[in-house]
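The residues making up each chain are set out below.
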Amino acid sequence: QVQLVESGGGLVQAGGSLRLSCAASGIILSHYAMGWYRQAPGQQRELVASISNGGASTDYAASVKGRFTISRDNAQNMVYLQMSSLKPEDTGVYLCFRYDTGGWYGGRPAYWGQGTQVTVSS
């Protein structure tokens, strides 16, 4: 079955960096767009970044554009989220997900990981 396992979260000071990883199994990763959501306490889940199946097309929330970079390695079945210039408002659980299509535009989440906690201290 499809499994998505996130890692790389932790506690970091404001201005610092973290790299999140998502290991995928049970799927042919190159067939699907992938993305990251985040869930902060008391807030709605926010779509942070998306990447097309081949990696050529990406999309970011306005709140993270210029600071976060999504990437993928289909040969290794991995998806990454490089986060820089972190702010306290970036705190939350970051969840990796697989879209139901190869492109992210108009696609919907089909499978989710369990999430990894990111805490940014001021």
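Numbering of residues starts from 1 in every chain and runs along the sequence as written. For this predicted model, a pLDDT threshold of at least 70 governs which residues receive local features, and a threshold of 80 or more governs which side-chain atom pairs are given and counted, while totals over whole chains, interfaces and linings are taken from all residues. Water and hydrogen atoms play no part in the side-chain values, which are based on all heavy atoms of the structure.

**Student:** How do you make sense of the overall build of the chain when you look at a structure like this?
**Tutor:** Only DSSP runs of H or I reaching four residues or more are called helices, and only runs of E reaching two or more are called strands; each is numbered from the N terminus. Along the chain, the regular secondary structure elements total zero helices and eleven strands. Atoms counted for the radius of gyration: C-alpha only. Globule rule: 2.2 Å times the number of residues to the power 0.38. A globule of 122 residues ought to have a C-alpha radius of gyration of about 14 Å, and the chain, at 13 Å, matches this closely. Taking the principal axes of the C-alpha coordinates as reference, the chain spans close to 40 × 25 × 25 Å. Between buried and exposed lies partly exposed: a residue is buried under 20% and exposed over 50% of the maximum accessible area for its type, with that area taken using a 1.4 Å probe on protein chains only. When each of the 122 residues of the chain is scored for burial, the buried share is 43%. The criterion used for residue contact is that any of the two residues' heavy atoms lie within 4.5 Å. Residue pairs in contact within the chain that sit at least 24 positions apart in sequence constitute 57% of those at least 6 positions apart. Methods summary: accessible areas were calculated by the Shrake-Rupley approach with a probe of 1.4 Å, and residue burial reflects only the protein chains presented. Within the structure as shown, the chain displays about 6100 Å² of accessible surface, and the carbon and sulfur contribution to it stands at 46%. Positive charge is attributed to Lys and Arg, negative charge to Asp and Glu, and no charge count is given to His or to the chain ends. For this purpose, a charge sits on NZ of Lys, CZ of Arg, CG of Asp or CD of Glu. Looking at the chain, you have 9 positive and 7 negative side-chain charges, and the mean spots of the two groups are 2 Å apart.

**Student:** How do you make sense of the pairing of strand β8 (residues 78-83) when you look at a structure like this?
**Tutor:** As a general feature of sheets, a regular strand has side chains that alternate between the two faces. Burial runs high along β8: five of the six residues are buried. Any two strands are treated as partners once DSSP identifies two or more bridges connecting them. Alignment of strand β3 (residues 18-25) against β8, held across six bridges, turns out to be antiparallel. Bridge pairing links C22 to V79 in β8. The pairing of strand β7 (residues 68-73) with β8 spans six bridges and is classified as antiparallel.

**Student:** Help me understand the nonpolar core in this model?
**Tutor:** Across soluble globular proteins, nonpolar side chains have a tendency to be buried as a group. With 27 residues, the main nonpolar core has W36, F68, I70, L81, M83 and Y94 as its most contacted residues. Here the element with the most residues in this core is β3; it accounts for four residues. The contacts of M83, once residues within four sequence positions are left out, are G16, S17, L18, L20, R67, F68, Y94 and V118. Membership of the second largest hydrophobic core comes to five residues, among which are A33, Y37, F97 and W104. Put simply, a nonpolar core is a bunch of buried Ala, Val, Leu, Ile, Met, Phe, Trp, Tyr and Cys residues held in one set by side-chain atoms that sit within 4.5 Å of each other.

**Student:** Sorry, what's going on with the sheet that holds β3 here?
**Tutor:** In sheet architecture, strand pairing relies on hydrogen bonds along the backbone and comes in two forms, parallel and antiparallel. A sheet is described by the order of its strands in space; here four strands give the open sequence β1-β3-β8-β7, paired in antiparallel fashion. Of all the strands in the sheet, just β1 (3-7) and β7 have a single pairing partner and so form its edges. Taken pair by pair, the neighbouring strands of this sheet meet at an average axis angle of 15°, ignoring direction. To get an axis, fit a line to the C-alpha atoms, keeping to the stretch in contact for a helix; angles then go from 0 to 180 degrees between the N-to-C directions.

**Student:** Honestly, the packing of aromatic side chains in this entry has me stumped. Any pointers?
**Tutor:** Centre-to-centre distance and the angle between the planes together describe a pair of aromatic rings. Here a Phe, Tyr or Trp ring, Trp counted by its six-membered ring, pairs with any other such ring whose centre lies within 6.5 Å, and the pair is stacked when the planes are under 30 degrees apart, edge-to-face when over 60, and tilted otherwise. Counted according to the given criterion, the structure contains five aromatic pairs. Taken together, a centroid distance of 5.1 Å and an interplanar angle of 50° make the contact between Y37 and W112 tilted. Within this pair, whereas Y37 is found in strand β4 (residues 34-39), its partner W112 is found in strand β10 (residues 109-112), the two being separated by 75 residues in sequence. A residue is classified by how much of its surface remains accessible, and Y37, at 16% relative accessible area, is buried. Here W112 falls in the partly exposed class, since its relative accessible area comes to 34%. Aromatic ring contacts, followed pair by pair, group Y37, F97, Y99 and W112 into a single cluster. Counted as over-ring charges are cases with an Arg CZ or a Lys NZ within 6 Å of the ring centre that also lie within 35 degrees of the ring normal. Over the face of the ring belonging to Y80 we find R19, whose NZ or CZ atom lies 3.9 Å from the ring centre.

**Student:** Looking at this structure, how should I read the environment of K87?
**Tutor:** Here K87 shows up in the loop between β8 and β9 (92-99). Of the residues examined, K87 reaches a relative accessible area of 34% and is grouped as partly exposed. For the pair formed by K87 and S7, sequence separation is 80 residues and the distance between their alpha carbons is 19 Å. For K87, the residues in contact, after removing those within four places along its chain, are R67 and V120.

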